[in-house]
Amino acid sequence: MELEAKAALQQALEMRKLGKREKAQKLLVHALSMNPEFVDALTELGTILEEEKDVVQADHLYSKALAISPCNEKALVSKDRTLPLVEEIDQRYFGIIDSKVRRLMSIPKGNSALRRVMEETYYHHIYHTVAIEGNTLTLSEIRHIIETRYAVPGKSLQEQNEAIGVDAAMKYINATLLSRSGMMTLGDILEIHRRVLGYVDPVEGGRLRTNQVFVGHHIPPHPRDLQRHMEELVQWLNSEEALQLHPVEFAALAHYKLVYVHPFVDGNGRTSRLLMNLVLLQAAVPAHHHTQRATSRVLHGSGHGQRGRRSALHSLHSQMHRDDVGHFVDFHDRTTLWGCPQPVRTSLVQTANRPSQSTTEAARAKDMTCQHVGNG
């Protein structure tokens, strides 16, 4: 395969000299499918994407090349060129997000469209966060389970208990962690996980794993090192360095770091996404959810279907662990731009554009915790 990858690279270089950029790009993609850590192919593909103004993806490829070969001169020079541009793009997205948050916070608390968004977003978060993991429950089925606590015929109890677990964890965050002052603790993360997994596996819920796990090519820390890694994560979550980041970047990194450690037997992704939202809400930014569709777009290139979603996510996490974390933060930037369910966006935007009573952002953010209306 290595010889085939080198041959594809040589053909790509020849095609590029002839001005056949599209053909060269396909050959480079083929080379990387043969050898994903082929540094020369990574930098060459990055150069082509940079010429096509896809600076973010080019920067990602240069970072991946440097993760494999830190002293690669071409990758270093290219990364120095793209990094300032990517940082400028990040700041622009942060500005857009901040503007939308201000508009959202200006809406009166009793606004009917806002209350509808809060209710719909609550169920959408549960639906998407379990669907990403391969759960087959529909949005309406999840709403039925949460509202009635009756089982849905024909669906596995494990899938239904996964949804109930996320609901319990979200209620815990809303009722306890957001109303409490002080630093975040390891106990907080364990309590979130205890609820996430407790209805599926009460024994493992809320405790660190005791066996080694593997996530694609990524090997998370050994069980004997988990306590130290988690204490370091909590220390970082409460550090000035983290608190001075833009809330979206802070939340994305918190999510990434917890998934990287992979401290639990199961429920790592769901717990990480809830930790991400806790960070956002504590910073007066409304909660956000990764949609199944957005994650599917990320996984599309891997060729995984619905049945392979779990292994595809493992591959994605493995790739993130090898590459720079910036690409992961970038994904959060773009999926955070507007997190409301589509049917209610129009009325909400119209409301946001009208003058409204002033409120403090911190107080308003606590009302945007995606609580199920009627549950306090």
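The shown structure was predicted, so the numbers you read here are calculated from the model rather than taken from an experiment.

Overview of the side chain of Glu204
Now for step 1: Relative to the elements of secondary structure, Glu204 occurs in the loop between helix H9 (186–198) and helix H10 (226–237).
Now for step 2: Of the polar contacts made by the side chain of Glu204, one reaches the side chain of Arg207; its length is 2.9 Å.
Now for step 3: In this structure Glu204 touches His193, Leu197 and Val265, once residues within four positions along its chain are discounted.

Brief notes about unusual backbone geometry
Now for step 1: Residues other than glycine seldom take positive phi values, yet Lys53 does so here, at roughly 70°.
Now for step 2: The topology assignment puts Lys53 in the loop between helix H3 (39–51) and helix H4 (55–68).
Now for step 3: Overall, Lys53 belongs to the exposed group, its relative accessible area being 72%.
Now for step 4: Non-glycine residue Arg149 carries a positive phi angle of around 65°.
Now for step 5: Tracing the backbone through its elements, the reader meets Arg149 in the loop between helix H7 (139–148) and helix H8 (157–177).

Some remarks on the side chain of His125
Now for step 1: Within the secondary structure layout, His125 lies in helix H6 (residues 112–131).
Now for step 2: The contact partners of His125, leaving out residues within four places of it in the chain, are Val166, Met170, Leu274, Asn277, His288 and His289.

Some remarks on the packing of aromatic side chains
Given two aromatic rings, their pairing is described by the distance between the two centres and the angle made by the two planes.
Now for step 1: What the rule picks out here adds up to three aromatic pairs.
Now for step 2: Ring centres of Tyr256 and Tyr260 lie 6.2 Å apart, and the angle between their planes is 25°; on these two criteria the pair is classed as stacked. One end of the pair is Tyr256 and the other is Tyr260, both in helix H12 (residues 247–261) and four residues apart, which spans about a single turn.
Now for step 3: According to the relative accessible area criterion, Tyr256 is buried, its value standing at 12%.

Thresholds applied
- Residues numbered from 1 in each chain as written.
- Predicted model: local features only at pLDDT ≥ 70, side-chain atom pairs only at ≥ 80, totals over all residues.
- Heavy atoms only, no water.
- Helix = DSSP H or I, 4+ residues; strand = E, 2+ residues; numbered from the N terminus.
- Polar contact = N/O pair within 3.5 Å; in protein donor to acceptor, adjacent residues only side chain to side chain.
- Contact = heavy atoms within 4.5 Å.
- Buried < 20%, exposed > 50% of the residue type's maximum accessible area, 1.4 Å probe, protein only.
- Phe/Tyr/Trp six-rings, centres within 6.5 Å; stacked < 30°, edge-to-face > 60°.

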